[in-house]
Amino acid sequence: MVEFGDAIDVAVNNQVRALALTLEAARIPGLLALVPTYRSLGVQYDPVLLASEELRSRIEGALASLDPGQLPSPRWCASRRATEASSAPDLSFVAEHTKLSESEVIGCTARLPTTST
């Protein structure tokens, strides 16, 4: 786990995204999965194929050259499951953040394919 901070912050999330993209592009043998969160990056690897010291070194090298300013635009994904508040616990947050009513958010997600970028 690579942690960048302990608060929700766009700059922290940009670092997470930049490291994830950098490691993904490196195609490191034995690196199984990258799990980005808002403030950290989970790194899953096969210790038979990739020693922890080598992985640590590769991560530290990537961190030394991170440039979050060069990130591609974020992708927005939505699921059609957001049809009522009980199935979308963040519905009120999304509505407030987008300045839409909850029914407008539900209407928007209902018109989207299962995943949209």
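Description of the structure in this document. (Residues numbered from 1 in each chain as written. Predicted model: local features only at pLDDT ≥ 70, side-chain atom pairs only at ≥ 80, totals over all residues. Heavy atoms only, no water.)

## Description of the layout of surface pockets
Part 1 of the argument: Here the second largest pocket is characterised by a volume of approximately 220 Å³.
Part 2 of the argument: As for the second largest pocket, its lining consists of Met1, Val2, Val43, Tyr45, Ser52, Leu55, Arg56, Ile59, Glu60 and Leu63.
Part 3 of the argument: Breaking the lining of the second largest pocket down by element, the ones donating at least two residues are β3 (40-45) and α2 (52-64).
Part 4 of the argument: Per-element tally for the lining of the second largest pocket: the top contributor is α2, with six residues.
Part 5 of the argument: Broken down by class, the residue content of the lining of the second largest pocket amounts to seven nonpolar, one polar and two charged. (1 Å grid on protein atoms, 1.4 Å probe; cavity = no way out; pocket = protein on both sides within 12 Å on 5 of 7 lines; lining within 4 Å. Points joined across faces, edges and corners; volume = space filled by probe spheres on them. Helix = DSSP H or I, 4+ residues; strand = E, 2+ residues; numbered from the N terminus. Nonpolar A, V, L, I, M, F, W, Y, C, P; charged D, E, K, R; others polar.)

## Some details on α2
Part 1 of the argument: Along its 13 residues, α2 runs 18 Å from first to last C-alpha, staying within 8% of the 18 Å computed at 1.5 Å per residue.
Part 2 of the argument: Listing the buried residues of α2 in full gives Leu55, Ile59 and Ala62. For α2, the angular spread of the buried residues around the axis is 60°, confining them to a single face. The exposed set on the far side of α2, more than 90 degrees from its buried face, consists of Glu53, Arg56 and Ala64.
Part 3 of the argument: Buried residues belonging to α2 abut β1 (2-3), α1 (10-26), β2 (31-36) and β3. (Expected span 1.5 Å × (residues − 1). Buried < 20%, exposed > 50% of the residue type's maximum accessible area, 1.4 Å probe, protein only. Arc of directions from axis to C-beta. Contact = heavy atoms within 4.5 Å.)

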